[in-house]
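Inside the fold
Okay, here's what each chain looks like letter by letter:
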Amino acid sequence: MSDTTMKALVFAGKGQPMLQDRPKPTIIESTDAIVRMVKTTICGSDLHILKGHVSTCDTGRILGHEGVAVVQSVGDGVTRFKPGDNVIVSSVTSCSSCDHCRKEMPSLCVDGGWTLGNTIDGTQAEFVRIPHADGSLHLMVEGATAEEQVMISDALPTAFECGVLSGKVAPGCSVAIIGCGPVGLSAMVTAQLYSPSQVIMVSRNSNRIALAKSMGATHGIVSGEGVDVVAAVKELTNGKGADTVIEAVGVPATFELCQELVAPGGTIANMGVHGCKVDLHLEILWDKNITITTRLVDTTTVPMLIKLLGSGQIKIGDLVTHRYNFAEIEEAYTTFGAAAEHKAMKVVLNF
Ligand SMILES: [Zn+2]
Ligand SMILES: [Zn+2]
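Everything numeric in this text was worked out from a predicted model, so none of it was measured.

Cut-offs used in this document
- Residues numbered from 1 in each chain as written.
- Chains lettered and ligands numbered in written order.
- Predicted model: local features only at pLDDT ≥ 70, side-chain atom pairs only at ≥ 80, totals over all residues.
- Helix = DSSP H or I, 4+ residues; strand = E, 2+ residues; numbered from the N terminus.
- Rg over C-alpha atoms; globule rule 2.2 N^0.38 Å.
- Buried ≥ 20, exposed ≤ 12 C-beta atoms within 10 Å, placed from the backbone.
- Axes fitted to C-alpha atoms, helices over the stretch in contact; angles between N-to-C directions.
- Parallel < 35°, antiparallel > 145°, perpendicular 65-115°, else oblique.
- Left-handed = near helix turned anticlockwise from the far one by under 90°.
- Contact = placed C-beta atoms within 7 Å.
- Nonpolar A, V, L, I, M, F, W, Y, C, P; charged D, E, K, R; others polar.
- Arc of directions from axis to C-beta.
- Pairing = 2+ DSSP bridges.
- UniProt positions renumbered as here; feature names shortened; annotations may be inferred.
- Domains from an automatic or database assignment.

Considering the overall build of the protein
When helices and strands are tallied, the protein shows 12 helices and 15 strands. For the protein, the C-alpha radius of gyration of 20 Å lies close to 20 Å, the compact-globule estimate for 351 residues. C-alpha atoms of the protein, sized along the principal axes, occupy 65 × 40 × 40 Å. Buried residues in the protein amount to 49% of all 351 residues.

Pasting the structure below:
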């Protein structure tokens, strides 16, 4: 790092995450802040970009939309943050005033949403420009580790908003979560806030099922050849199916499985990022009173989730399985890209 350049992980083309020297960002708008990253992480969405699935992200973009940082400088229009503040960077930037933001949908903000590491340079760099800093940063708290607070950027609010809230998890209900990655597990952890009687995790990966059970899942089903997941879930739920089914993978087969697992009157909450069309079996579901929800994280529950982390009511530290120095981020991508092989869940990069 020199006075004017920094290290940054750049989307150099399909399948090519590349560590490069880039100019340090500077304040452009009065509502900007410049932050110095302390920890960042790699998200499944970054892998989608590298596979060429995210058309809004051009090559040359600095990736990343998660992490914790220290405020370096702020524009004249920033009122809530000052240099030296320890902050969580939200994956969704919010102007706080457009129609979508006012309807608690910053994911659709006309001058924000998922911008970082997508349409503007992101958090896998030593320094980052954060637009609309007042609506896009959150102060860190004392009671939780910095690693846990990295999960506030994206994984926890995505799981809670798109999975648990949209899925209407309620006391005594049964929940099935298809997919046991960081967001699926975060849904399992935050579903507990509503005391469901059953949380059934489904994954092809037996290590992940074991981790889910250690973190509070009541049941785990390792899917794969010869395993009838539908029969297993029906047996656990008196033949009914699950009241809430959360899709946390993002491929047609898992969304179709959700349609077979949902109980009459239940809800399918989609969290997965889908890159192709999926069949909807209305011929079976038309009279079953079910609800299907879709959403991108809005991060509107972040202040509440920070309090729950800070007071120890949510424990999520076990999600971090691998740690690297930022200089090793290309290796970290290799590990995260083959997560099952490396028993990797969340990979944290330290600056
Ligand atoms: Zn993410
Ligand atoms: Zn807005």
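So, the packing of helix H5 (residues 155-165) against helix H6 (residues 182-191)
The N-to-C vectors of H5 and H6 enclose an angle of 65°; their axes lie 8 Å apart at closest approach. Considered as vectors, H5 and H6 are oriented roughly perpendicular to each other. Of the two elements, H5 crosses H6, and the hand of that crossing is right-handed. On H6, the residues touching Ala155, Leu156, Thr158, Ala159, Phe160, Gly163 and Val164 of H5 are Pro182, Val183, Ser186, Ala187, Thr190 and Ala191. Along the lines of polarity and charge, the residues of the contact of H5 with H6 split into 9 nonpolar, 4 polar and no charged.

Quick word on helix H11 (residues 302-310)
Helical periodicity: at 3.6 residues per turn, an α-helix aligns residues three or four positions apart in one direction. Among the residues of H11, those classed as buried are Val302, Leu305, Ile306, Leu308 and Leu309. Buried residues of H11, seen end-on, are gathered within an arc of 165° and therefore sit on one face of the element. For H11, the exposed residues set more than 90 degrees away from the buried face come down to Pro303 and Met304. On its buried face, H11 is in contact with strand E7 (137-139), helix H4 (146-150) and H5. Directly beyond the C-terminal end of H11, a positive phi value near 80° is found at Gly312.

Notes on the sheet that holds strand E8 (residues 174-178)
A sheet is described by the order of its strands in space; here 6 strands give the open sequence E10-E9-E8-E11-E12-E13, paired in parallel fashion. Taken across any chain shown, the strands that pair with only one partner, and hence form the sheet edges, are strand E10 (219-222) and strand E13 (291-293). The sheet shows a mean angle of 15° between the axes of neighbouring strands, direction not considered. One ladder, built from 3 bridges, connects strand E12 (residues 262-270) with E13; its direction is parallel. Note on E13: the bridge partner recorded for Ala269 is Thr293.

Some remarks on the environment of Gly75
Among the secondary structure elements, Gly75 is positioned in the loop between strand E4 (67-74) and strand E5 (86-89). When neighbours within four sequence positions are excluded, Gly75 is seen to be in contact with Ile27, Glu29, Ser30, Thr31 and Asp32.

Some remarks on the UniProt feature "domain: Enoyl reductase (ER)" (unreviewed entry) in the protein
Here the UniProt-annotated "domain: Enoyl reductase (ER)" (unreviewed entry) positions come out as residues 4-349. Helix makes up 26% of residues 4-349 and strand 25%, whereas the separation of the span's terminal C-alpha atoms amounts to 22 Å.

Description of unusual backbone geometry
For residues other than glycine, phi is negative in most cases, and the peptide bonds are mostly trans. Of note, Glu104 is a non-glycine position whose phi angle comes to about 60°, a positive value. By secondary structure assignment, the location of Glu104 is in the loop between helix H2 (99-102) and strand E6 (127-130). Its 13 C-beta neighbours within 10 Å are what place Glu104 among the partly exposed residues. Even without a glycine there, the phi angle at Asn238 is positive, about 55°. Here Asn238 shows up in the loop between helix H8 (229-236) and strand E11 (242-247). Overall, Asn238 belongs to the exposed group, with 9 C-beta atoms counted inside 10 Å.

Looking at the domain arrangement of the protein
When the parts of a complex come together, some accessible area is lost, and that lost area is often used as the size of the interface. Splitting the protein by domain gives domain 1 (5-153 + 298-350) and domain 2 (156-293). Domain 1 and domain 2 are separated by 27 Å when their C-alpha centres are compared. In this complex, domain 1 contributes 19 residues to the contact, which on the side of domain 2 involves 16 residues. Going through the elements one at a time, helix H1 (44-50) and H11 are the ones with two or more residues in the side of domain 1 that touches domain 2.

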